[in-house]
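Next come the chains, spelled out residue by residue.
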Amino acid sequence: MAKIKAGVIGAGIGTYHIEGYQAHEDAEVVALCDLNEELLAETGEEYGIEELFTDYEDMLELDLDCVSVCVPNKFHAPLTIGCLKAGKNVLCEKPLARTAREGQRMVDAAEKAGLTLMIQFNNRFRPEAKMLKGHVDAGTFGDIYFARCGWIRRNGIPGWGSWFTSEEVAGGGPLIDLAVHMLDLTMWLMGNPEPELCLASTYSVFGPQMEGLGPWGTPDPKGTFDVEDMAVGMLKFAGGQTILLEASWASRIKREWVYSTLMGTEAGASLERVFAVDGIDDTAIDTLEIYTQEQDEAVDRVVKLEPDEAMGRHTAVQHFVDCLIEGEEPISPATDGLRIMKILDAMYKSADSGRAVKIK
Ligand SMILES: NC(=O)c1ccc[n+]([C@@H]2O[C@H](COP(=O)([O-])OP(=O)(O)OC[C@H]3O[C@@H](n4cnc5c(N)ncnc54)[C@H](O)[C@@H]3O)[C@@H](O)[C@H]2O)c1
């Protein structure tokens, strides 16, 4: 069988995509594209990729089966749609786009082309998440009626003044950057309930003063910071479930904490990643605990799993390749990314208006 031929656009987090494809025995990365010529040459050499491009449209002339779109959020929609129109399946980084309107155009383009469009919700591919999903499907928790989830940092603003902190390019701050992951994971574990209503607040306390910077990127004092640095919200679902959500790039807390806590009629669970140093994945410790009541006693079950420092990023890419080979629907189709974008749009609207907002 011929190998799946992949192209990757964006050599930042895109390197995880390259590694994911290269670790799959039936896939190869034949091309890489980045606007930054120096980074492009360096990354091409590091991973042994010979076909290098600064214009993604030139790359699309190659005979590729798929493309990973790993560029700033503003470019997810145009590049993904361009790839789909050129007949390539796409794995797009999260968030799906800056808004649900842009995301809808991407989903429509995939449907029209009859091609696969998967979103890189890599947290679903973490060993803890897979284990929890197995328990959910086996009925361990009964009905999950409430969850708390979030991703909060003490000092973790990414690249102050870069695209990350520009509303025009990113679409928002930690809500669209970080919360998107844990909200998706939590809703997926809850069986993707139908969202109805949200009430949210956003704050911008440290960013405007250039405080709370994270360990990545070179700050650009000439750049802008016009997004939130913290967001909180409450979501209500048609089946009566509730989620409390929080996200911050900068806040006066002990340390970076990524979590999803589920409460069910039979059992509860806590999935956590706690960082020793904000933003540095190899200082993080992952835990998964399940809480039950057995013979009238409270029992805590600690699940021991092989750590995955890459947070499922490689295994998600490998799953995408498997889906292309087997002709199967991915675990995280773009339509799930669109559902999350509709919620995030409503949360920003609620924060701006100070009112609860219905989610359409
Ligand atoms: N899944 C995750 O864990 C995760 C982690 C980080 C970032 N991301 C997402 O990945 C995307 C990229 O983030 P990043 O951290 O790699 O950003 P980055 O700024 O580090 O890298 C983006 C790269 O894309 C290149 N680029 C920009 N526009 C381009 C274009 N039109 N054509 C070709 N190259 C272009 C830039 O030169 C840059 O090298 C974002 O959507 C972000 O939300 C996901």
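This structure is a prediction, so every number in the text was calculated from the model and none was measured. (Residues numbered from 1 in each chain as written. Predicted model: local features only at pLDDT ≥ 70, side-chain atom pairs only at ≥ 80, totals over all residues. Heavy atoms only, no water.)

*Asks:* I'd like to hear about the overall build of the protein chain, residue by residue, with values.
*Replies:* Each helix and strand counted, the protein chain has 10 helices and 15 strands in total. For a compact globule of 360 residues, the expected C-alpha radius of gyration is about 21 Å, and the protein chain comes in at 20 Å, within 12% of that figure. The C-alpha extent of the protein chain, read off along each of the three principal axes, is 65 × 50 × 40 Å. Counting every position in the protein chain, which comprises 360 residues, the buried fraction comes to 54%. (Helix = DSSP H or I, 4+ residues; strand = E, 2+ residues; numbered from the N terminus. Rg over C-alpha atoms; globule rule 2.2 N^0.38 Å. Buried < 20%, exposed > 50% of the residue type's maximum accessible area, 1.4 Å probe, protein only.)

*Asks:* Break down the packing of aromatic side chains for me, citing the residues and quoting the values.
*Replies:* Taken as a whole and judged by the stated rule, the model has 4 aromatic pairs. Judged by centre distance (3.9 Å) and plane angle (25°), the rings of Trp 163 and Phe 164 are stacked. A residue is classified by how much of its surface remains accessible, and Trp 163, at 26% relative accessible area, is partly exposed. The class of Phe 164 is partly exposed, set by a relative accessible area of 25%. Summarising the aromatic geometry, the rings of Trp 257 and Tyr 259 are spaced 3.9 Å apart at their centres and angled 20° between planes, so their arrangement reads as stacked. These aromatic residues form a ring-pair network of at least three members: Trp 160, Phe 225 and Trp 249. Here the basic side chain of Lys 133 rests over the ring of Trp 188, its NZ or CZ set 5.0 Å away from the ring centre. Its guanidinium or amino end placed over the ring of Tyr 16, Arg 313 lies 4.7 Å from that ring's centre, counting from NZ or CZ. (Phe/Tyr/Trp six-rings, centres within 6.5 Å; stacked < 30°, edge-to-face > 60°. Lys NZ or Arg CZ within 6 Å of the ring centre and 35° of its normal.)

*Asks:* How would you sum up the environment of Ile 144? Please name residues and give values.
*Replies:* Structurally, Ile 144 is set in strand E7 (residues 144-152). Separated by 53 residues in the primary sequence, Ile 144 and Leu 91 have C-alpha atoms spaced 30 Å apart. Non-local contacts of Ile 144, meaning those with residues more than four positions away in its chain, are made with Val 136, Leu 189, Met 190, Gln 241, Leu 262, Met 263 and Gly 264. (Contact = heavy atoms within 4.5 Å.)

*Asks:* Outline the nonpolar core, supporting the account with residue identities and numerical values.
*Replies:* Core analysis: the biggest nonpolar cluster contains 85 residues, and Ile 9, Leu 183, Leu 235, Ile 243, Leu 344 and Met 347 have the highest contact counts within it. Of all the elements, helix H8 (residues 174-189) adds the most residues to this core, at 11 residues. Split by domain, this core shows at least three residues from each of two domains, domain 1 (4-120 + 313-332) and domain 2 (124-308). Apart from the residues within four sequence positions on either side, Ile 243 is in contact with Ala 147, Cys 149, Leu 183, Thr 186, Met 187, Met 190, Gly 233, Met 234, Leu 235 and Phe 237. Ala 6, Ile 18, Cys 66 and Phe 125 belong to the second-largest nonpolar core, a separate cluster that totals 21 residues. (Core = buried A, V, L, I, M, F, W, Y, C linked by side-chain atoms within 4.5 Å. Domains from an automatic or database assignment.)

*Asks:* Describe the packing of helix H1 (residues 14-22) against helix H9 (residues 313-326), naming the residues involved and giving the relevant values.
*Replies:* In the contact formed by H1 and H9, the axes pass within 8 Å of each other and the chain directions differ by 55°. If you check the angle between H1 and H9, you find them oblique. Relative to H9, the crossing made by H1 is right-handed. Residue-level contacts link Tyr 16, His 17, Glu 19, Gly 20 and Tyr 21 of H1 to Arg 313, His 314, Val 317, Gln 318, Phe 320 and Val 321 of H9. Residues belonging to the contact of H1 with H9 are distributed by class as follows: 5 nonpolar, 4 polar and 2 charged. (Axes fitted to C-alpha atoms, helices over the stretch in contact; angles between N-to-C directions. Parallel < 35°, antiparallel > 145°, perpendicular 65-115°, else oblique. Left-handed = near helix turned anticlockwise from the far one by under 90°. Nonpolar A, V, L, I, M, F, W, Y, C, P; charged D, E, K, R; others polar.)

*Asks:* How would you explain unusual backbone geometry if you had to name every residue and give the values?
*Replies:* A cis amide bond links Lys 94 to the next residue, Pro 95, at an omega of -15°. Tracing the backbone shows Pro 95 in the loop between strand E5 (89-93) and helix H5 (100-113). A positive phi angle, near 45°, is found at Asn 192, a position not held by glycine. Note that Asn 192 resides in the loop between H8 and strand E8 (195-203). Positive phi values are uncommon outside glycine, yet Met 311 reaches one of about 55°. On the secondary structure map, Met 311 appears in the loop between strand E14 (297-302) and H9. Residue Met 311 is classed as buried on the basis of its relative accessible area of 0%.

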